[in-house]
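# What the coordinates show
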Amino acid sequence: MEYVEAFKDINQISKIKTYLRAHSSRDYLLFVLGINTGMKINEMLEITVADVLDETGKIKEFYEQRMETGEVTQIFLNLKVRTALQEYLKGSKVIEGQFLFLSPKTKKPITRQQAHRIIHDAVEGAGLTGKFGASSMRKTFGYHAYKQGVSLALIQKHYHHSSPSETLKYIGISKEKKFKTIIDVNL
């Protein structure tokens, strides 16, 4: 598997969003969900429409992810994710029992390879250079969370990594790199 990097520049992220939004609301949602939750691509592809809707048909604030161990993890769906979900569900033909990232050909979720192609094509379409792929979304989440002051221990736990150094390496941050963090409690 080839190493890919995080999208570290906000302008890169904006260009990719613009490209994807113009091409496919499903693919735009894939990107927005990936960079805002840090979920693995295979976990995202297994999400059904019913998983993100409550009993009244409204989009949930938390997606309940069932782990192989039987444990349930709550994944926060921020406003950007919920907005992208709402736009996609309103304009698409997917129904409650179907996969969120449905392939129109197979009626199953798109493949990991297709997700990688979507991101690769968006990177090219946005005129960016670098090594990016589907895993870049997950790395982007961690990179920007760390940069914004989220505890490395929390990010490590989110990724299920065994050490802080593994997490730093994964998100592309050297130990020497320092960020200005603003911890604004704003009471």
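Below you will find a few notes about this structure. Keep in mind it's a predicted model, so treat the numbers as computed, not measured.

### With respect to the overall build of the chain
Counting its secondary structure elements, the chain contains 8 helices and 2 strands. Ordered by position from the N terminus, the helices and strands of the chain form the series α-α-α-β-β-α-α-α-α-α. Expected size for 187 residues packed as a compact globule is a radius of gyration near 16 Å; at 17 Å, the chain falls within 12% of this value. With respect to the three principal axes, the spread of C-alpha positions in the chain is 50 × 40 × 35 Å. Sorting the 187 residues of the chain into buried and exposed places 41% on the buried side. The contacts of the chain with a sequence gap of at least 6 include a subset with a gap of at least 24, amounting to 60%. With the model as given, the accessible surface of the chain reaches about 11,400 Å², and the carbon-plus-sulfur share is 51%. Taken as two groups, the 28 positive and 20 negative side-chain charges of the chain have centres that lie 4 Å from each other.

### Regarding the packing of helix α6 (residues 135-147) against helix α7 (residues 152-159)
Running from N to C, α6 and α7 point in directions that differ by 165°, and their axes come no closer than 10 Å. Relative to α7, α6 is oriented roughly antiparallel. Considering how the two elements wind past one another, α6 and α7 form a crossing that is right-handed. Of α7, the residues touching α6 (which contributes R138, K139, F141, G142, A145 and Y146) are L152, I155, H158 and Y159. Grouping the constituent residues of the contact of α6 with α7 by class yields 6 nonpolar, 2 polar and 2 charged.

### As for the packing of helix α1 (residues 10-23) against helix α2 (residues 25-37)
Running from N to C, α1 and α2 point in directions that differ by 150°, and their axes come no closer than 8 Å. Overall, the two elements α1 and α2 adopt an arrangement that is roughly antiparallel. The two elements α1 and α2 meet at a crossing, and its hand is left-handed. For the pair α1 and α2, the contacting residues are I13, I16, K17, L20 and R21 in the first and D27, Y28, F31, V32 and I35 in the second. Residue classes in the contact of α1 with α2 are distributed as 7 nonpolar, no polar and 3 charged.

Criteria and cut-off values
- Residues numbered from 1 in each chain as written.
- Predicted model: local features only at pLDDT ≥ 70, side-chain atom pairs only at ≥ 80, totals over all residues.
- Heavy atoms only, no water.
- Helix = DSSP H or I, 4+ residues; strand = E, 2+ residues; numbered from the N terminus.
- Rg over C-alpha atoms; globule rule 2.2 N^0.38 Å.
- Buried < 20%, exposed > 50% of the residue type's maximum accessible area, 1.4 Å probe, protein only.
- Contact = heavy atoms within 4.5 Å.
- Areas by Shrake-Rupley, 256 points an atom, 1.4 Å probe, with all protein chains shown as cover.
- Lys, Arg positive; Asp, Glu negative; His and termini not counted.
- Charge placed at Lys NZ, Arg CZ, Asp CG, Glu CD.
- Axes fitted to C-alpha atoms, helices over the stretch in contact; angles between N-to-C directions.
- Parallel < 35°, antiparallel > 145°, perpendicular 65-115°, else oblique.
- Left-handed = near helix turned anticlockwise from the far one by under 90°.
- Nonpolar A, V, L, I, M, F, W, Y, C, P; charged D, E, K, R; others polar.

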